[in-house]
Each structure stands twice: as C-alpha cells, then as structure tokens.
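Chain by chain, the residues run as shown.
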Amino acid sequence: MAQKKSHEVDAWLARSRPEASIVLCYGPDRGLVSERAERFAKSTGLPLDDPFVVVKLDASTLEKDPGRLLDEAHAVAMFAAQRLIWIRGAGADRRLADDVKALIARPAADAVVLIEAGDLKKGAALRSVVEGGASSMALPCYADEGRDLDRLIDEELGNAGLSIGLDARRVLRDSLGGDRRATRSELHKLVLYMAGRTQIERSDVECTVSDVSASSVDEVIDAALAGDMPRADAALSRALSAQGATFQVLSALMRQVQALHLMRGAVDAGVSPGSVVASARPPIFFSRRQLIERALGSWPTSRSERTLTRLQALVLATRKRPELAAPAIRQAVLGITAESSAAARGR
C-alpha cells in the first residue's frame, strides 16, 4: 500500500526526490502536516514563489468547483517542466477523494499534487484512495512524543550550542508536543532567552516556555474538569488565599468553558476530538491534551451553555456583593467538579 508509518515519514522525505505524483500529508498535528508538506514541496526543486508553476488551492474551493483539480493537473506546463498543485484544508470530503481517484486512474504527465489534510480516520475516503494508489503516498503526522520530541529538542538546542539538565529537560518535555509549529516556536523563544549562556536550567524553562508551570488557578480548572473533588477543593483553597485570585478563578473558568463550547461544536460537526484539541488556538499544551479530550466527551453543548449562563450570573452577583465572591465561586467550582465526576462514571 502507498503509505508510510509515522516513524518512516522523515526518512522518506529525506530522499533527494521522493517518488510520488500525489502526496497526502494528514493528521491531528497541523503544524507537522504543514512542515512536512513544505519539505516535500521543496524536494520537487520547483520555484515555490512562482504562481505559474505552483498552484495553491483551498479544498473548500475544489468542493464548489467539481473537476477543477483534474483541469489544473492536466493543464500543459508552459513555464517549467513540471507544476505543483498544492491543496490545503482537506478533510473527509467525498468529492475531493473522487477527483483524486480519477487522477490516479489517469495520471497527469507533468504535475505533482500535494494535499494537506486534518485527522483522517482509517477508512476515510481521501486517505483510502491515496493509500491504494500506485503513484501516490500517504504520510501520517501525529503529535511529537517520546523519542521524537527528544530528537526535536536536541536538534533545536544543539543547533544553538545549548545543553540542558535532566530536570529542565523533563519540565520542557512536559510542556511541548501536540503541534510541531508551536513546539518549534517555544524552543526558539527559549534559545533567544539563553543568549550569552550555554546551560539551560529549570528556571530558564519556567521563565520562557508557555504553560510549563501550572498555577494554582490552572490546577483548579484541571481538577474540576477531571472530576477530582479533593484536588479541586485543595487547589481552590490555595488559589483563593492569594490576593486578587478570586476573580482570576472565575474568569479562567469562564474562558475554559467557552473554549470547550467552541471545541464541542467542531466535534459535533464531525471533526475528531484529537484533531480539534491539536488545532485549538491558543494551543493546548501536551500535558493537558488528554484531559481536554476526555472533557469534550462529558461537555455537550447544552452543558456548556447552561454553565456559562450560571457563571455569567455569578459575575454579576459577585460584583454587587464582593464579600460573597469566595463562597459563591467555591460552590460553582465544586458543582462543576461533581458534574464532571458523575459524567465520567456514566461513560
């Protein structure tokens, strides 16, 4: 079959000219999908900034214009020996899969087709068509973890002449993964911070890399989503003991419920939870991904709407009676925690 396992993709792309006229990069890690698509595009040797040689299309455009992919692929290349048709934003759309199937049956003589797609389950039409083609290749792009993440850290820090201690590496690894572009961005930020020094300590990571040191407010949110009542109660007590933290907890809780509401809408529209979490903006860091994916299963749209209404009323009430803010927020947080616990038991 015309596909590579996740750990084989980089070696295939490292060849001087990978042999395939149709390439599909897909998976929940959108940053890695884009990065690998760019690597393949560069491997063609074509001038990627020349619009007469490289045709960039959005998958939604092709859905509205049946046959355009075939027309573009079979058009005569007038300014180069070969053309690149670069499609972004593909999903589980049947029409694009049908056009790719037709193109595999009648290959273009001088065109290469490159497709970037989200998370495609096994058996999805587009993935199946590409995997079954003689001149096509499917490249899965999954979140960096384990050895892949260590390799990426070593690559970026090694290029900058930096070394890192075991404790600092552990904290750094726990904060990265899930989206390749976001991971590289955080590593570049750390490299810039280390200008003039060569040894990275834990404090350097905590000062620069986002979401590496969960505050007590973050712990409250995570414990509430997990349905962990003792942990939520203890974290909330710590958070409320800090000056000004009362409203920080409330605002953070509202932002999280709003985010779940938006993500659940995408899941209800047919996008896989893993893909939704991986492509969330702002990024959800690797250490929280499984928690948020599980939470999506217990936060239907009706629950998030009901909770947001309750929290908005709480904001108004606490502004009128600030002295009641702490007990009111405690009641809200522990109520959400109890609901999460009940939902988890019901699955």
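Values in this document were obtained by computation on a predicted structure and should not be read as measured data.

### As for the packing of aromatic side chains
Right, so step 1: One pass over the full model with this rule turns up 1 aromatic pair.
Right, so step 2: Ring plane angle 10° and centroid distance 6.2 Å describe the contact between Trp12 and Phe40, whose orientation is recorded as stacked. A residue pair is termed long-range when its members are at least 10 positions apart, and Trp12 in helix H1 (residues 9–13) and Phe40 in helix H2 (residues 30–43) qualify at 28 residues. As far as burial versus exposure is concerned, Trp12 and Phe40 are alike and both buried.
Right, so step 3: A cation over an aromatic ring shows up here: Arg303 above the ring of Trp299, its NZ or CZ 3.6 Å from the ring centre.

### Side note on the packing of H2 against helix H9 (residues 180–193)
Right, so step 1: Put simply, H2 and H9 touch, their axes get as near as 6 Å, and they point 90° apart. Here H2 lies roughly perpendicular to H9, going by the angle between them. Facing H2, whose interface residues are Gly31, Leu32, Ser34, Glu35 and Glu38, H9 presents Arg180, Arg181 and Arg184.
Right, so step 2: Tallied by class, residues from the contact of H2 with H9 come to 1 nonpolar, 2 polar and 5 charged.

### Comments concerning the pattern of salt bridges
Right, so step 1: Following the criterion strictly, the structure yields 29 salt bridges and no others.
Right, so step 2: For the salt bridge of Asp233 with Arg330, the shortest nitrogen-to-oxygen distance reads 2.5 Å. Note that Asp233 is positioned in helix H12 (residues 229–240) and Arg330 in helix H17 (residues 325–346), a separation of 97 residues in sequence.
Right, so step 3: Accessibility expressed as a relative area gives 32% for Asp233, which makes it partly exposed.
Right, so step 4: For Arg330, a relative accessible area of 26% gives the class partly exposed.

Conventions we followed
Residues numbered from 1 in each chain as written. Predicted model: local features only at pLDDT ≥ 70, side-chain atom pairs only at ≥ 80, totals over all residues. Heavy atoms only, no water. Phe/Tyr/Trp six-rings, centres within 6.5 Å; stacked < 30°, edge-to-face > 60°. Helix = DSSP H or I, 4+ residues; strand = E, 2+ residues; numbered from the N terminus. Buried < 20%, exposed > 50% of the residue type's maximum accessible area, 1.4 Å probe, protein only. Lys NZ or Arg CZ within 6 Å of the ring centre and 35° of its normal. Axes fitted to C-alpha atoms, helices over the stretch in contact; angles between N-to-C directions. Parallel < 35°, antiparallel > 145°, perpendicular 65-115°, else oblique. Contact = heavy atoms within 4.5 Å. Nonpolar A, V, L, I, M, F, W, Y, C, P; charged D, E, K, R; others polar. Salt bridge = Lys/Arg side-chain N within 4 Å of Asp/Glu carboxyl O.

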